[in-house]
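Reading the structure
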Amino acid sequence: MKRLEKLYEGKAKALYSTEDPDLLIQYFKDEATAFDGMKKGIIKDKGILNNKISSRIFRMLEAKGVKTHFVDMPSDREMLVKRLRILPIEVVVRNIAAGSLAKRMGIDEGIPLKETIIELYYKSDPLHDPMINEYHIKAFGLAEAGQLRQMETASLKVNRILSEFFNERGIILVDFKLEFGVHKDEVLLGDEITPDGCRLWDKVTSEKLDKDRFRRDLGKVEEAYQEVLRKVLE
Ligand code: TMP
Ligand code: ASP
């Protein structure tokens, strides 16, 4: 299936139409941004690494009963996906305190949480993705109550599956961000699952294997993404 018209270009990916109105091609770029696009760079071959990592993970989640937009990986940088009406909500799932949670609560990174935390953010670049809760979602009609329930249930299921998947490969799943959309009245997991939107720490050395290496100028960014791909393919 060929890429036709570019419908949208984001910071790390572009979306193209195909000859099938129900299917799009998600094209993975090497561009990396952080802090709302304030920091920009290129991670060599990130598009290829992220497409392969995400495709492997989506295939695995589908096999375990999670409904995703993934259809196929036709080339190194292209993912064939079902067309979604993206719900403007980012779901962040956290197992261990890190990043903005550690900052907000005034605690050190690395403290395990007694319970998994789900956070909801309003997906809006001009507003810098403000945190919201289920009341905001209902009051502003960002998603129906049933859709929100499905998103939360699916997010917790993805957390259980992915935590075990990474743990078996020597990696701790600290936190991650998911996006969902509607395809033919069904809520499907969309976007990507890659080191751009997950925190992944080496179980033995605690070394960061994710975009924090880029955000915090820790070096060896591409190497970390390559290691994640290697482990994900084990
Ligand atoms: P945070 O600690 O900065 O709130 O990030 C939590 C998780 O969500 C982390 O794994 C990175 C991911 N994330 C995104 O994918 N996109 C974003 O815009 C932000 C802020 C976080
Ligand atoms: N991707 C977001 C940005 O470009 C935030 C992040 O991942 O840090 O700002």
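This text goes with the structure placed above it.
Fair warning: this is a prediction, and the values are worked out from it, not measured in the lab. (Residues numbered from 1 in each chain as written. Chains lettered and ligands numbered in written order. Predicted model: local features only at pLDDT ≥ 70, side-chain atom pairs only at ≥ 80, totals over all residues. Heavy atoms only, no water.)

Some remarks on the overall build of the protein
Per the secondary structure count, the protein includes 6 helices and 13 strands. The buried share among the 234 residues of the protein stands at 52%. When contacts within the protein are restricted to residue pairs at least 6 apart in sequence, those whose partners lie at least 24 apart make up 56%. On the protein, roughly 11800 Å² of surface is accessible, and the fraction owed to carbon and sulfur atoms is 52%. (Helix = DSSP H or I, 4+ residues; strand = E, 2+ residues; numbered from the N terminus. Buried < 20%, exposed > 50% of the residue type's maximum accessible area, 1.4 Å probe, protein only. Contact = heavy atoms within 4.5 Å. Areas by Shrake-Rupley, 256 points an atom, 1.4 Å probe, with all protein chains shown as cover.)

Focus: the packing of aromatic side chains
Counted under the stated rule, the structure contains 3 aromatic pairs. Both rings, one in Y16 and one in Y27, keep their centres 6.3 Å apart while their planes meet at 80°; by these two values the pair is edge-to-face. Taken together, the residues Y16 in strand β2 (residues 13–17) and Y27 in strand β3 (residues 23–28) connect sequence positions 11 residues apart. On the basis of relative accessible area, Y27 is assigned to the partly exposed category, the value being 22%. (Phe/Tyr/Trp six-rings, centres within 6.5 Å; stacked < 30°, edge-to-face > 60°.)

Some remarks on helix α1 (residues 46–63)
Spanning 18 residues, α1 covers 25 Å between terminal C-alpha atoms, matching the ideal 26 Å at 1.5 Å per step. In terms of residue burial, α1 counts as a mostly covered element, since 13 of its 18 residues are buried. Looking one or two residues past α1, G65 carries a phi angle of roughly 90°, positive in sign. (Expected span 1.5 Å × (residues − 1).)

What to know about the packing of α1 against helix α6 (residues 221–232)
One can describe the packing of α1 onto α6 by two numbers: an axis separation of 10 Å at closest approach and a directional angle of 25°. Taken as axis vectors, α1 and α6 run roughly parallel relative to one another. As for the relative orientation of α1 and α6, their crossing is left-handed in sense. Contacts between α1 and α6 pair K46, L49, N50, K52, I53, R56 and I57 from the former with E222, Y225, Q226, V228, L229 and V232 from the latter. (Axes fitted to C-alpha atoms, helices over the stretch in contact; angles between N-to-C directions. Parallel < 35°, antiparallel > 145°, perpendicular 65-115°, else oblique. Left-handed = near helix turned anticlockwise from the far one by under 90°.)

Remarks on the sheet that holds β3
Spatially, the 5 strands line up as an open sheet ordered β1-β2-β3-β7-β6, and their pairing is antiparallel. Edge strands, defined here as strands with exactly one partner in the open sheet, are β1 (6–9) and β6 (70–75). Across this sheet, the average inter-strand angle for adjacent strands is 25°, counted without regard to direction. One ladder, built from 5 bridges, connects β3 with strand β7 (residues 78–82); its direction is antiparallel. By the bridge assignment for β7, L23 is matched with K82. Here α1 sits on the sheet and contacts β3, β6 and β7; the angle it forms with β6, its principal contact strand, is near 145°. (Pairing = 2+ DSSP bridges.)

Observations regarding the site of ligand 2
All residues adjacent to ligand 2 are K11, T33, A34, F35, D36, G37, K211 and R215. Backbone polar atom of D36 to an oxygen atom of ligand 2: 2.3 Å apart, as the coordinates give it. Protein contacts shield 72% of the accessible area of ligand 2, which totals 270 Å² for the unbound molecule. Looking at the shell around ligand 2 residue by residue, the classes come out as 2 nonpolar, 2 polar and 4 charged. (Near = heavy atom within 4 Å. Polar contact = N/O pair within 3.5 Å; in protein donor to acceptor, adjacent residues only side chain to side chain. Nonpolar A, V, L, I, M, F, W, Y, C, P; charged D, E, K, R; others polar.)

Some remarks on a nonpolar patch on the surface
The grouping of M105, I107 and I111 at the surface amounts to a nonpolar patch, some 260 Å² of accessible area in total. With respect to the helices, strands and loops of the structure, I107 is situated in the loop between α2 (99–105) and β9 (112–122). The class for I107 is partly exposed, based on a relative accessible area of 33%. (Patch = residues over 30% accessible without salt bridge, like charges linked within 9 Å, V, L, I, M, F, W, Y side chains within 5 Å. Salt bridge = Lys/Arg side-chain N within 4 Å of Asp/Glu carboxyl O.)

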